[in-house]
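# Residue-level structural notes
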Amino acid sequence: MALPYLAGIQRVLAQAVGLAGTHLELFGLELQDASQRFLGHLILGILAAVLGGLSLALAAVLLLIIFWDSHRIAVALGLMLVYGGSALAFMCWLRYRLKHAADLFPATCAELARDRKALLRQTAEDEA
């Protein structure tokens, strides 16, 4: 009598292992894609920050040299306000982007949701 139940349990376990393998493979692909994109963005961001910082520092020194005899304090204050305001604007932009970032692994989550619906539907049909 226990044999039909045993075959059903084995079939369910085999399907669960197959689903888990598929989901792990999909998750691995999405993780690899996300890490490659992140690394590329990180390298470009670091390069842009370093080169932009150097150019802004040299521009500030140049302005101070040009206006050294007449308005050095006003120029230094103006540069400080511009740099501080820019830093504040970029911090706000970063905060906005982090709050509204896209979900990680959307395909994996969608696939898990579809599987959950299918399993719930199949369970409801089995009970009926």
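Residues numbered from 1 in each chain as written. Predicted model: local features only at pLDDT ≥ 70, side-chain atom pairs only at ≥ 80, totals over all residues. Heavy atoms only, no water.

## Structural notes on the overall build of the protein chain
A count of helical and extended segments in the protein chain gives three helices and zero strands. Counting from the amino terminus, the protein chain carries its helices and strands in the arrangement α-α-α. Compactness check: the protein chain gives a C-alpha radius of gyration of 29 Å against a globular reference of 14 Å for 128 residues, more than 25% above the reference. Expressed as lengths along the three principal axes of its C-alpha atoms, the size of the protein chain is roughly 100 × 25 × 15 Å. Scored against the burial criterion, the 128 residues of the protein chain give a buried share of 8%. When the accessible surface of the protein chain is totalled, it reaches about 11,000 Å², and 73% of it is carbon and sulfur. (Helix = DSSP H or I, 4+ residues; strand = E, 2+ residues; numbered from the N terminus. Rg over C-alpha atoms; globule rule 2.2 N^0.38 Å. Buried < 20%, exposed > 50% of the residue type's maximum accessible area, 1.4 Å probe, protein only. Areas by Shrake-Rupley, 256 points an atom, 1.4 Å probe, with all protein chains shown as cover.)

## Overview of the packing of aromatic side chains
Tallying each qualifying case throughout the model produces one aromatic pair. A ring pair is formed by F90 and W93, whose centres lie 6.2 Å apart and whose planes are at 50 degrees; its orientation type is tilted. With a gap of three residues between them, F90 and W93 both fall in helix α2 (residues 72-99), about one helical turn apart. The partly exposed category is assigned to W93, whose relative accessible area is 47%. (Phe/Tyr/Trp six-rings, centres within 6.5 Å; stacked < 30°, edge-to-face > 60°.)

## Notes on a nonpolar patch on the surface
A surface patch of nonpolar side chains, amounting to about 990 Å² of accessible area, comprises F38, L39, L42, I43, L44, I46, L47, V50, L51 and L54. When you line up the elements, L39 lands in helix α1 (residues 2-66). (Patch = residues over 30% accessible without salt bridge, like charges linked within 9 Å, V, L, I, M, F, W, Y side chains within 5 Å. Salt bridge = Lys/Arg side-chain N within 4 Å of Asp/Glu carboxyl O.)

## Overview of the pattern of salt bridges
Across all of its chains, the model carries one salt bridge by this definition. The salt bridge involving D33 is made with R37; its shortest N-O contact spans 3.5 Å. One end of the pair is D33 and the other is R37, both in helix α1 and four residues apart, which spans about a single turn. Judged by relative accessible area, which is 38%, D33 ranks as partly exposed.

## Comments concerning the side chain of E30
Inspection of the secondary structure assignment puts E30 in helix α1. An unpaired buried charge is present at E30: no salt bridge exists, and R37, the closest side chain of opposite charge, is 7.6 Å distant. Among residues more than four places away in sequence, those in contact with E30 are F105, P106, A107 and T108. (Lys, Arg positive; Asp, Glu negative; His and termini not counted. Contact = heavy atoms within 4.5 Å.)

## What about the confidence of the model for the protein chain?
For the protein chain, mean pLDDT is 83; residues scoring 70 or higher make up 92% of the total. When mean pLDDT is taken per element in the protein chain, α2 scores highest with 88 and helix α3 (residues 106-127) scores lowest with 73. (pLDDT = per-residue confidence, 0-100.)

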